[in-house]
Amino acid sequence: MLFSKTIEPRCAYCKRGKPMEQDTILCKKKGITQPDGACPAFRYDPLKRVPPRPITPDFSRLKDEDFTL
């Protein structure tokens, strides 16, 4: 499954919200809100959501012996 069925509501990725500045969202229902705010009128827009960056692996602990058969 690509998307979870339970998405935590946030104004930052709601269909009704438009980003104004870096820390404010203009909502059609509530007006100016914070990106982490939410309301009952939340409608999920997957194109607005930025997924977290994957963790980069730490190869510094590996030795040359780990790569030989």
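Whatever comes next refers back to the structure up there.
Nothing here was measured: the structure is a model prediction, and the numbers come from that model.

Here's the deal with the pattern of salt bridges
Counted according to the given criterion, the structure contains two salt bridges. Residues Arg61 and Asp58 are paired through a salt bridge, measuring 3.8 Å at the closest nitrogen-oxygen approach. Classification of Arg61 by relative accessible area gives exposed; the value is 68%.

Comments concerning the packing of aromatic side chains
Under the criterion given, the structure shown has two aromatic pairs. On the basis of an interplanar angle of 80° and a centroid distance of 6.3 Å, the ring pair of Tyr13 and Phe42 is categorised as edge-to-face. Taken together, the residues Tyr13 in the segment before strand E1 (17–21) and Phe42 in the segment after strand E3 (31–33) connect sequence positions 29 residues apart. Taken individually, Tyr13 and Phe42 each receive the classification buried, so the pair is uniform in this respect. Aromatic side chains Tyr13 and Tyr44 sit 5.9 Å apart centroid to centroid with 85° between the ring planes, which places their arrangement in the edge-to-face category. Taken together, the residues Tyr13 in the segment before E1 and Tyr44 in the segment after E3 connect sequence positions 31 residues apart. The class of Tyr44 is partly exposed, set by a relative accessible area of 22%.

What counts and what doesn't
Residues numbered from 1 in each chain as written. Predicted model: local features only at pLDDT ≥ 70, side-chain atom pairs only at ≥ 80, totals over all residues. Heavy atoms only, no water. Salt bridge = Lys/Arg side-chain N within 4 Å of Asp/Glu carboxyl O. Buried < 20%, exposed > 50% of the residue type's maximum accessible area, 1.4 Å probe, protein only. Phe/Tyr/Trp six-rings, centres within 6.5 Å; stacked < 30°, edge-to-face > 60°. Helix = DSSP H or I, 4+ residues; strand = E, 2+ residues; numbered from the N terminus.

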